[in-house]
Amino acid sequence: MKIISNPHELNNYVKTLDKTIGFVPTMGALHEGHISLIKEARKNNEFVVVSIFVNPTQFSKDEDLDKYPRKDEADKKICELSGVDVLFFPNAEDIYGDDEVSLLAPNVRGYVLEGHTRPTHFNGVLTVVNKLLNIVKPTRAYFGKKDAQQLNLITLMVKQLFMNVEIVPIDTKRDSDGLALSSRNVYLSKEQRKEALKIPGSLNLASNLIAKKVLDTKEIQEKMLDYLSPLEVFYVEILDREFNKVENVEIGNTIILVEVKVGETRLLDNIWL
Ligand code: PAF
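All values reported here derive from a predicted model rather than from experimental measurement. (Residues numbered from 1 in each chain as written. Predicted model: local features only at pLDDT ≥ 70, side-chain atom pairs only at ≥ 80, totals over all residues. Heavy atoms only, no water.)

K.L.:
Can you walk me through the nonpolar core in this structure?
P.N.:
Taken as a class, soluble globular proteins show a tendency for nonpolar side chains to be buried jointly. Judged by nonpolar contacts, the single largest core of 33 residues is most densely connected at Leu-10, Val-49, Val-129, Leu-133, Ile-154 and Ile-167. Broken down by secondary-structure element, the contributors of at least two residues to this core are helix H1 (7-15), strand E2 (21-26), strand E3 (47-52), strand E4 (86-88), helix H6 (121-136), strand E5 (140-144) and helix H7 (148-160). The leading source of residues in this core is H6, at 9 residues. Not counting residues up to four positions away in its chain, the partners in contact with Ile-167 are Ala-141, Phe-143, Leu-151, Ile-154, Thr-155 and Val-158. (Core = buried A, V, L, I, M, F, W, Y, C linked by side-chain atoms within 4.5 Å. Buried < 20%, exposed > 50% of the residue type's maximum accessible area, 1.4 Å probe, protein only. Helix = DSSP H or I, 4+ residues; strand = E, 2+ residues; numbered from the N terminus. Contact = heavy atoms within 4.5 Å.)

K.L.:
Before we go on, may I ask you to explain the site of the ligand in this structure?
P.N.:
Inspection of the region around the ligand gives Pro-25, Thr-26, Met-27, Asn-55, Gln-58, Val-128, Val-129, Phe-143 and Gln-150 as its neighbouring residues. In the environment of the ligand, an oxygen atom lies 2.6 Å from a nitrogen or oxygen atom belonging to the side chain of Gln-58. Residue Gln-150 places a side-chain N or O atom 2.7 Å away from an oxygen atom belonging to the ligand. Considered on its own, the ligand offers 290 Å² of accessible surface; in the complex 88% of this is hidden by protein. Of all the elements in the fold, those that place two or more residues in the shell around the ligand are E2 and H6. When grouped by side-chain class, the residues that make up the shell around the ligand number 5 nonpolar, 4 polar and no charged. (Near = heavy atom within 4 Å. Polar contact = N/O pair within 3.5 Å; in protein donor to acceptor, adjacent residues only side chain to side chain. Areas by Shrake-Rupley, 256 points an atom, 1.4 Å probe, with all protein chains shown as cover. Nonpolar A, V, L, I, M, F, W, Y, C, P; charged D, E, K, R; others polar.)

K.L.:
How should the sheet that holds strand E8 (residues 254-262) be read in this particular structure?
P.N.:
Read from one edge to the other, the open sheet built from 3 strands follows the order E7-E8-E9, with strand pairing classed as antiparallel. In this open sheet, the two strands that pair with only one neighbour each are strand E7 (232-240) and strand E9 (265-272). For this sheet, the mean inter-axis angle between neighbouring strands, taken without regard to orientation, is 10°. In this sheet, E9 lies alongside E8 in antiparallel orientation, the contact comprising 8 bridges. By the bridge assignment, Ile-255 is partnered in E9 with Trp-272. (Pairing = 2+ DSSP bridges. Axes fitted to C-alpha atoms, helices over the stretch in contact; angles between N-to-C directions.)

Right, here's the structure in full:
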């Protein structure tokens, strides 16, 4: 596995390849969820690039960028063992200059849900993903469905900016207790982890109601909020796949999304119906 930190070097390197390229952008602290993205990229492409870059522009001033978990050596091992061809490992100065052109998230979809409480977050995500896609020039790029709003906005960006890459969504991986895998789970104490299990629990509750033909989104939302109490809930939303509010669940076109704060940790999860 080759490790490259200079964007121009990587850009020149991939230009010489006459191969399909699968790309997995990450912020490191890799877990089984990331590994499943890498496996999928490995299966369907001749060449695989993973990036590890804790992107400062997607953190707001009151969020602790410096505390974001970093496991560089373990991550390199995981990439090597997963058959990654190139690991892109830039510094912030390799990616950002002094006076930056940046992308703005769309006015509606970028400022609801996670964007409501983190208004600059998706500007940073779209800016960095745009840069990374321009550097790596992949055939396909892989993103987890757990970050459903991120996935939706990146898909929209690729369409609206006429970018030549296929965005591939990958199912959420869960621990044996049902909690969705996230690099942020390491922040949870034993007690907080127990509380966090209310998140998948609330999504199971919704699935069970829907299986019993309860399709009214208000009713489902209220029952989920009751179940999640007394956790601090940022949102429970039931939307169609285009992120519009809906009155009734439509199987094949609905996402139920939850974001909750446990201790100081924001945790999100969702199910696609
Ligand atoms: O999902 C993430 O890890 C990040 O938001 C991403 C897509 C790598 C951009 O920094």
